[in-house]
Number of protein chains: 2
Amino acid sequence: MIKANPNFAKIQASYLFSDIARRVADFSKKNPDAKLIRMGIGDVTRALPSACVKAMAKATEEMGVDATFHGYGPDHGYGFLREAIAQNDFRSRGADISPDEIFISDGAKCDTGNFQELFAQDVRIAVPDPVYPVYVDTNVMAGRTGGNINGRYEGLIYLDSTAENGFVPDVPDTHADLIYLCFPNNPTGAVASADRLKKWVEYARENKALILFDAAYEAFIRDKDIPHSIYEIPGAREVAVEFRSFSKTAGFTGTRCGYTVVPADCRVFAENGSEIMLQPMWARRMSTKFNGVSYPVQRAAEAVYSEEGKEQTKMLVDGYLANAAVIRDKLRAKGFSPTGGDNSPYVWFDTGMDSWEFFDRLLNEAQVVVTPGSGFGRCGNGYARISAFNSMENVLEAMERIDRII
Amino acid sequence: MIKANPNFAKIQASYLFSDIARRVADFSKKNPDAKLIRMGIGDVTRALPSACVKAMAKATEEMGVDATFHGYGPDHGYGFLREAIAQNDFRSRGADISPDEIFISDGAKCDTGNFQELFAQDVRIAVPDPVYPVYVDTNVMAGRTGGNINGRYEGLIYLDSTAENGFVPDVPDTHADLIYLCFPNNPTGAVASADRLKKWVEYARENKALILFDAAYEAFIRDKDIPHSIYEIPGAREVAVEFRSFSKTAGFTGTRCGYTVVPADCRVFAENGSEIMLQPMWARRMSTKFNGVSYPVQRAAEAVYSEEGKEQTKMLVDGYLANAAVIRDKLRAKGFSPTGGDNSPYVWFDTGMDSWEFFDRLLNEAQVVVTPGSGFGRCGNGYARISAFNSMENVLEAMERIDRII
C-alpha cells in the first residue's frame, strides 16, 4: 500500500497567497467591472529592464542556431553570471565571496524551501514570527514539527517580531540549531543593523548553529549603514548561507532567477560532532535534483550587472521606494504607525481590527488587495502588509480609496 | 549543534554525469587539440526549433513593456500551455487527461526527483536496473534506503532489465508500493508494449501501489503499437503519475521546461488505509516550493504544439533517430548486439569488457565520449550507452573512429 507522507496533513489548508488569490477571484467574479488594485501578493508590476530584455533576446537568438545553441549548462550556473555576482554583490561591498560559492537557481523561494533537506530530522529550528510561510511549511512537510496548535507548530522556536523590539528579534535564550532570518524583512519591512546581525553571528558560532539568511529584498536598502549581506559581518562565512533573488531587484518574478551562497568554510556537524562541509552537500543536492536555469534567463540576469542594467534596476527600485514612501506617509496621516517602506518595498502596520476583516473590508469597499498580517503568524494578528509594487498612479488611487473608507 | 542529514553520506561519491564531465575535462586539459565527440551525457546538440525561438523572442519583448509584462504566473503553469498539452499529448491519443491535471515545471529531472516527497518514509520502492540515477539518489537522500552494498542500496527492490527479458522487467513476485518505470528507457532504449504496461497497471491496482512513469523520451516512438503515455492503458489514471519533458522532444535541455501529470482520481493511502487524493498534495508541494517557469519559456513550449512547431520537432527527432540507426547498424556490423536506437535516441550494448575500461579506451584512443553502463547499476556492468544526440557528421566520424580501435 502506497502511503502518503503523513506530515502533509499537518500543514494548514492553503498556502497564504493561494488563499488570497481565491478570495480575489471570487470577488472579481461577482464584480466583473470593479477596478481592483493589487497590493497584496508582492508581485512586481513594471517591465523588465531593457538591458535584461536585450540580453535575453540575444541569447534566445543564439539558441536558434546550431553553432551558438546551449544545451545543459554547468551544474551550478554559468561562470559569467557567478563572476558578475561575486564581484558586484559581494566583493564590491567588502564581503569575501568567490564565484564557486554561488549556486544559480530559479528563485529564492525554491532555495529557501529546499535547503532544509541538508539537515537531520531532529534539528531545532527557529523562525521569525511573522514569517514568510515557506520556511515553516517546508519543514512541516519534511516532518520536523508536531501539529499546529493555535497557529503555531509544536517543536519550532518562534522569534517574536513586535513593535516592542522594532520587529527585529533578539537571539533567543534557548538553544536553536537552524535559524531563518530575513532582512529587509518580509513582511514587516524591518531592517537589521550590523550590530544586531553581529549578535546573531555570535550566537550561531557559540551554539554551533547555522543561519539561513534571506536577503531577497537587499536591493531596497538605501541607508548606508545597513548591511546588504550577512557576509559583511566578520565570522559569518562559517555559520551562514545567504539567499538572493532577481525577482524584486530587477523585476524577475515571471522570469525566474535567484542564487544561494554557500561559503567553502560553512560547516555543519555529524552525529559524533565532527565537522562536515555544507557546500559539497548543496552541490550534490542541486546536481541530483535540478538541471539549471534557462540560458537566456541567465544572460538576462548577467545584464543586471552591466552599467545600463545597474542604472535601470536602481531606477526601478527607486520607483517602488517612492511608492512605499507614499503608502507610509498616508498611513501615518491616518494615525497608523507603520514600519518598513524605507529600505523595503513593504509597509507593515497594526490595522486595529482582525487582519482578514481588514482584508475583506478593503477588498469589498475599496477594491484594494492587501496581505492580511495574520497569514504570516501569530505576531501578525491585526496587522496588514501593503506592497509598493505598483505604478505610482495606482498607489495614489489605492491610498485615496483607503482614506475614504477608514 | 546543526546536524547534517546523515543520508547524504550513503550516496555514492558523485553523480554519474558529473563524474564523466570530470574525466573528459581532465583529458581535454592534457590534450587541448583533441577533437572530442561527445555521445555521453545525452544532451541535445541542435538548435531550438524556429517556432520556439520566435515565440520566446516575442514573449521576451512583452516582458519589456509594462502593459504586457508578466510577473508571477499561475501556480501550476499558464492555461495556454496546459491546454495545448492536454489536447496534443493526451486527448489526441485517446488518453483522457485534462489541463488541470497537468503541472508545468522546469524539467522532468526536478519532478522525478521531488515527487518522492509526497510519500511516507517506509514505502517499499522498486527501481529498474539499469536505472536513471535520480530515482535512486533522491530516495537515498530522503532516508528511504539502507547503505550501499556492492552497488545496490539496502531496502530497494531492483527490477533487473537484461538481455533475457528484452530490457523490460516483468512485475516482481514481491510486494512494492512505489514503482519507477521509464519507457522509452534511459539508458537501454527499450520500449514497453501495451501488454507489458497493462501488467504493471494491474500489479499497481492489485497491490495498492503507485507507478511513477517517466516518458521523457516519448517523442522518439515511431512504432504505431507502442503507447506514448501510461494513460493509454485502461485503469492507469488511479495508479500512475507521468513525467514529460521538452528537453529531448524539442531541444529544451538548456531552455528548461517539462511537466507532470497527476490525474484527479490518482490515489494514495493514509496509515489507516483510507484513500487520499494525490493531486492536491502535489499542488501544495509545488505552490510551497516552486514559483513557476519563466513566461517566455512557457510560450516557447506552447509553440511546440503549433503546426510549424510540430513539423520542426518531428524533423529534429527524425534527425536524431537517423543517427541512432547509424550507431546501431555500425555496432551490429562489429558483432555487437545493441538494443534501442529505434523509438529511442539511445543505443545500449554489451561492450565485452568493463564499462569504465571501455569508456576510458574510447576517450583516450578515439576521443569519443560514451556513457559507461555500470554507472546506471549492476545490470549495466559491461554495457555502454551511446547517445544519438549529435550531428550526422559527428556520428559518422565517431563510429569510424570506434571501428578503427575495436
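As shown above, the structure is provided for reference.
Now for a look at the structure at hand. (Residues numbered from 1 in each chain as written. Chains lettered and ligands numbered in written order. Predicted model: local features only at pLDDT ≥ 70, side-chain atom pairs only at ≥ 80, totals over all residues. Heavy atoms only, no water.)

With that out of the way, let us pick up the sheet that holds strand S16 (residues 371-372) of chain A. All names here are of chain A. What the four strands build is an open sheet, ordered S13-S14-S17-S16; its pairing is antiparallel. Each edge of the sheet is formed by a strand with only one pairing partner; in this case those strands are strand S13 (339-340) and S16. Sheet topology places S13 next to strand S14 (residues 346-350); two bridges connect them, and they run antiparallel. When the bridges of S14 are listed, Thr-339 appears paired with Trp-348. (Pairing = 2+ DSSP bridges. Helix = DSSP H or I, 4+ residues; strand = E, 2+ residues; numbered from the N terminus.)

Residues and elements named next belong to chain A. Within the secondary structure, Thr-112 is located in helix H4 (residues 108-114). Here Lys-109 takes part through its backbone oxygen, which lies 3.2 Å from a polar atom of the side chain of Thr-112. Contact partners of Thr-112, with chain neighbours within four places excluded, come to Tyr-132, Val-134, Tyr-135, Thr-138, Tyr-180, Asp-214 and Phe-243. (Polar contact = N/O pair within 3.5 Å; in protein donor to acceptor, adjacent residues only side chain to side chain. Contact = heavy atoms within 4.5 Å.)

Before going further, it helps to examine the packing of helix H2 (residues 50-63) of chain A against helix H10 (residues 307-333) of chain A. Residue and element names in this part refer to chain A. Relative to each other, H2 and H10 sit at 135°, their axes nearing to 8 Å. Compared by their axis directions, H2 and H10 come out oblique. Within the contact between the two elements, H2 uses Ser-50, Ala-51 and Lys-54 and H10 uses Glu-308, Gly-309 and Gln-312. Here the contact of H2 with H10 is composed, by residue class, of one nonpolar, three polar and two charged. (Axes fitted to C-alpha atoms, helices over the stretch in contact; angles between N-to-C directions. Parallel < 35°, antiparallel > 145°, perpendicular 65-115°, else oblique. Nonpolar A, V, L, I, M, F, W, Y, C, P; charged D, E, K, R; others polar.)

Our focus in this paragraph is the interface of chain B and chain A. Between chain B and chain A, the residue contacts involve 84 residues of the former and 84 residues of the latter. Of all residues in chain B, Met-1, Ile-2 and Arg-284 of chain B give up the largest surface area on contact with chain A, accounting jointly for 14% of the area buried on that side. Our enumeration of links across chain B and chain A arrives at six salt bridges. With a closest N to O distance of 3.0 Å, Lys-3 of chain B and Asp-122 of chain A form a salt bridge. On inspection of chain B and its partner chain A, the count reaches 41 residue pairs in polar contact (both at pLDDT 80 or more). (Buried area = accessible area lost by both parts, 1.4 Å probe. Salt bridge = Lys/Arg side-chain N within 4 Å of Asp/Glu carboxyl O.)

Geometric descriptors of this kind do not, in isolation, establish any biological role.
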